[in-house]
2 protein chains.
Amino acid sequence: MTYAVIAAGGIGSRMGNMEKPKQYLKIKDKPIIVHTVEKFFVNSKFRKVIILCPDQWVNYTKELLAKYLPENDKVLVLKGGSTRNETIMNSIRYIEETDGLDDETIIVTHDAVRPFVSARIIDENIEAALKYGATDTVVPATDTIVESQNGETISSIPDRSKLYQGQTPQAFKAKLLKELYYSLTEEEKDILTDACKIFSMKGYDVHMIDGEVHNIKITYPYDLRVAKALLDEEL
Amino acid sequence: MTYAVIAAGGIGSRMGNMEKPKQYLKIKDKPIIVHTVEKFFVNSKFRKVIILCPDQWVNYTKELLAKYLPENDKVLVLKGGSTRNETIMNSIRYIEETDGLDDETIIVTHDAVRPFVSARIIDENIEAALKYGATDTVVPATDTIVESQNGETISSIPDRSKLYQGQTPQAFKAKLLKELYYSLTEEEKDILTDACKIFSMKGYDVHMIDGEVHNIKITYPYDLRVAKALLDEEL
């Protein structure tokens, strides 16, 4: 069984003085998080769409989704954890308690603030996660990436042709991710903040799915203007 | 003396079926390259603004700049080289022949397709190049960067806090860059396609200048829509 896990945990500190985390800002007629959830809600492969957000926003999010989505028992809102991975673990715990976990339980994790994800990207993540265990959605790096150890001068410029920018979704065999996560030391947990990195560090292949340039993450006010422009022209 | 070197050599293959390289597309009332050149033209620190473009576009570019800029002898158009670095060398050759090169000859190289560069970024590049010899304009990496050796699975996920996305300008002491470039083997020239990488590989510090999120490079049709939206709201 396959589950969508929408991480809406960000407090949005990079958005400037906003009263609400950025996933609740409207673009066109709907909050960003609603645009995102809809992409998974309409996909019949998902048994549930689990949204995880900060405790104080759980009720608000529930009301919002009730307002914009048809009545259903497919979408639910849970409290997130203190880190991205703890948030994902909360979703796995819920799945385990309600449906149980087996080797074919797939979670497709996604940022609430990436509303432009396509059906093609979602489907390829599900398929590849079943086959390979873990996936990451990426696009070839367009900018030159430079590395700096001291934050002032460049220490190295890696070969761009080998580099990709990570987007989401990331999809995983939930049982395997849980086992790998609970095998980590506290120190490892601090470092391996990206679930794909856990697989990668533990020697598992993470299969790459072709992302799309416009599958943007709305992080800065700038992105919000871009998102509005994209919606104007594309939807 | 300080020179702006605007590289307009791209043939724009990533823009889809366009009749013109992307630097000639209009956003709002003017071609992108005109927006870019203006940022340097108005800055009194530059003795000349040298635009380098493919041979077959030299005359067109000259006519375009004559049409949009006031009559002047500050802006000139030259033929670019077969690579980015060869293009830069053409500009250094011109400077050497007309004014001579000394240790304080600074070139501020910039992409023709980054029209949103700010005066602050340009000024900091000039200042730091004089002081340190080489600069690169960067922003902290917002996306997770992943590395793949085979293009299918992730080989490593470097620590994002040490990574930056390179923009332009890049500024250099022209005499030093020339010396370093002509000390390279043909094989090194093939690898060191970024002039900053030449300094870095030869053991020179490249000083980082804080870029800006909206100092975007117009590479894809998507970027062109973004650029139009930015101009609508900001200029």
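Anything mentioned here points back to the structure above.
The structure displayed is predicted, hence computed values, not measured ones. (Residues numbered from 1 in each chain as written. Chains lettered and ligands numbered in written order. Predicted model: local features only at pLDDT ≥ 70, side-chain atom pairs only at ≥ 80, totals over all residues. Heavy atoms only, no water.)

A. Expanded view of the overall build of chain A. The number of helices and strands found in chain A is eight helices and ten strands. Computed over its C-alpha atoms, the radius of gyration of chain A comes to 18 Å, within 12% of the 18 Å expected for a compact globule of 235 residues. In terms of overall dimensions, chain A has a C-alpha envelope of 55 × 40 × 30 Å along the principal axes. Considering chain A as a whole, with its 235 residues, one finds that 57% of them fall into the buried category. Expressed as a percentage of contacts within chain A between residues at least 6 apart in sequence, the contacts between residues at least 24 apart total 75%. Surface exposure of chain A reaches about 10400 Å², of which carbon and sulfur atoms provide 47%. Measuring between centres, the 30 positive side-chain charges of chain A sit 4 Å from its 36 negative side-chain charges. (Helix = DSSP H or I, 4+ residues; strand = E, 2+ residues; numbered from the N terminus. Rg over C-alpha atoms; globule rule 2.2 N^0.38 Å. Buried < 20%, exposed > 50% of the residue type's maximum accessible area, 1.4 Å probe, protein only. Contact = heavy atoms within 4.5 Å. Areas by Shrake-Rupley, 256 points an atom, 1.4 Å probe, with all protein chains shown as cover. Lys, Arg positive; Asp, Glu negative; His and termini not counted. Charge placed at Lys NZ, Arg CZ, Asp CG, Glu CD.)

B. Representation of the packing of helix 3 (residues 84-98) of chain A against helix 5 (residues 174-182) of chain A. Residues and elements named next belong to chain A. Axis separation between helix 3 and helix 5 bottoms out at 11 Å; the angle between their running directions is 130 degrees. With respect to each other, helix 3 and helix 5 are oriented oblique. Here the hand of the crossing between helix 3 and helix 5 comes out left-handed. The residues of helix 5 that touch helix 3, namely those facing N85, E86, I88, M89, I92, R93 and E96, are A174, L177, K178, Y181 and Y182. (Axes fitted to C-alpha atoms, helices over the stretch in contact; angles between N-to-C directions. Parallel < 35°, antiparallel > 145°, perpendicular 65-115°, else oblique. Left-handed = near helix turned anticlockwise from the far one by under 90°.)

C. Quick peek at unusual backbone geometry. All names here are of chain A. With omega at 10 degrees, the peptide bond leading from T168 into P169 counts as cis. When you line up the elements, P169 lands in strand 9 (residues 163-173). Positive phi values are uncommon outside glycine, yet K28 reaches one of about 55 degrees. In this structure, K28 sits in the loop between strand 2 (26-27) and strand 3 (30-31). Its relative accessible area of 49% is what places K28 among the partly exposed residues.

D. The interface of chain B and chain A, seen in detail. Contacts between the two partners involve 44 residues from chain B, matched on the other side by 44 residues from chain A. Across the chain B/chain A interface, buried area totals approximately 4100 Å², and carbon plus sulfur atoms make up 58% of it. If you look at where chain B meets chain A, you find two salt bridges. With its nearest N and O atoms 4.0 Å apart, the salt bridge here joins R114 of chain A to D143 of chain B. Inspection of the region where chain B meets chain A yields 14 residue pairs in polar contact (both at pLDDT 80 or more). (Buried area = accessible area lost by both parts, 1.4 Å probe. Salt bridge = Lys/Arg side-chain N within 4 Å of Asp/Glu carboxyl O. Polar contact = N/O pair within 3.5 Å; in protein donor to acceptor, adjacent residues only side chain to side chain.)

E. Spotlight on the relation of the copies chain B and chain A. When chain B is fitted onto chain A, the two copies agree to an RMSD of 0.0 Å after a turn of 180 degrees and an axial shift of 0.0 Å. In symmetry terms, the pair is related by a two-fold rotation axis. Looking at the rotation axis and the C-alpha trace of chain B, the residue lying nearest is V226 of chain B, at 2.9 Å. Both copies present the same face, since 100% of the interface residues in chain B are matched by interface residues at the equivalent positions in chain A. (Least-squares fit on C-alpha atoms with pLDDT ≥ 70 in both.)

F. Summary view of the pattern of salt bridges. Scanning the model with the defined rule gives 25 salt bridges over all chains in all. As a salt-bridge pair, E188 of chain B and K202 of chain B come within 4.0 Å of each other at their nearest N and O atoms. Of the two residues, E188 of chain B is situated in helix 6 (residues 186-191) and K202 of chain B in the loop between helix 7 (195-201) and strand 10 (207-210); the sequence distance between them amounts to 14 residues. Within the structure, one salt-bridge network assembled from shared partners comprises R84, D111 and R114 of chain A together with D143 of chain B.

G. The nonpolar core, seen in detail. All names here are of chain A. Membership of the largest hydrophobic core comes to 33 residues, with the highest contact counts inside it found for I50, I92, I107, F172, L177 and F199. Among the elements of the structure, strand 1 (2-7), strand 4 (46-53), strand 5 (75-79), helix 3, strand 7 (134-140), strand 9, helix 5 and helix 7 (195-201) are those that each provide at least two residues to this core. With residues near it in sequence (within four places) discarded, F199 still touches G133, A134, F172, K173, L176, L177, L180, Y204 and V206. (Core = buried A, V, L, I, M, F, W, Y, C linked by side-chain atoms within 4.5 Å.)

H. Molecular detail of the side chain of T137 of chain A. Residues and elements named next belong to chain A. Checked against the element boundaries, T137 lands in strand 7. By relative accessible area, which is 0% here, T137 ends up buried. From its side chain, T137 meets the backbone oxygen of P169 in a polar contact 2.6 Å long. Beyond its immediate sequence surroundings of up to four residues, T137 is in contact with I121, N125, Q165, G166, Q167, T168, P169, I209, D210, G211 and N215.

I. Expanded view of the pairing of strand 7 (residues 134-140) of chain B. Residue and element names in this part refer to chain B. A large share of strand 7 lies buried, amounting to six of its seven residues. As judged from the four bridges shared by strand 7 and strand 10, these two strands associate in the parallel manner. Residue pairing in the sheet places T137 in a bridge with I209 of strand 10. (Pairing = 2+ DSSP bridges.)

J. Representation of helix 4 (residues 119-132) of chain B. Residues and elements named next belong to chain B. When the terminal C-alpha atoms of helix 4 are compared, their 20 Å separation across 14 residues agrees well with the 20 Å that a helix rising 1.5 Å per residue should span. When helix 4 is considered as a whole, its buried residues turn out to be I121, I122, N125, I126, A128 and A129. One or two steps after helix 4, the chain reaches G133, where phi turns positive at roughly 100 degrees. (Expected span 1.5 Å × (residues − 1).)

K. Representation of the environment of V139 of chain A. Residue and element names in this part refer to chain A. If you trace the backbone, V139 turns up in strand 7. Owing to a relative accessible area of 12%, V139 belongs among the buried residues under this scheme. In sequence terms V139 and Q167 are 28 residues apart; their C-alpha atoms lie 7.6 Å from each other.

L. A look at helix 2 (residues 58-68) of chain A. Residue and element names in this part refer to chain A. When helix 2 is considered as a whole, its buried residues turn out to be V58, T61, L64 and L65. Considered in projection along helix 2, the buried side chains sweep an arc of 125 degrees and stay on one side of the axis. Residues of helix 2 that are exposed and point more than 90 degrees away from the buried face comprise N59, E63, A66 and K67. For helix 2, the secondary structure elements touched by its buried residues are strand 3, helix 1 (32-41), strand 4 and strand 5. (Arc of directions from axis to C-beta.)

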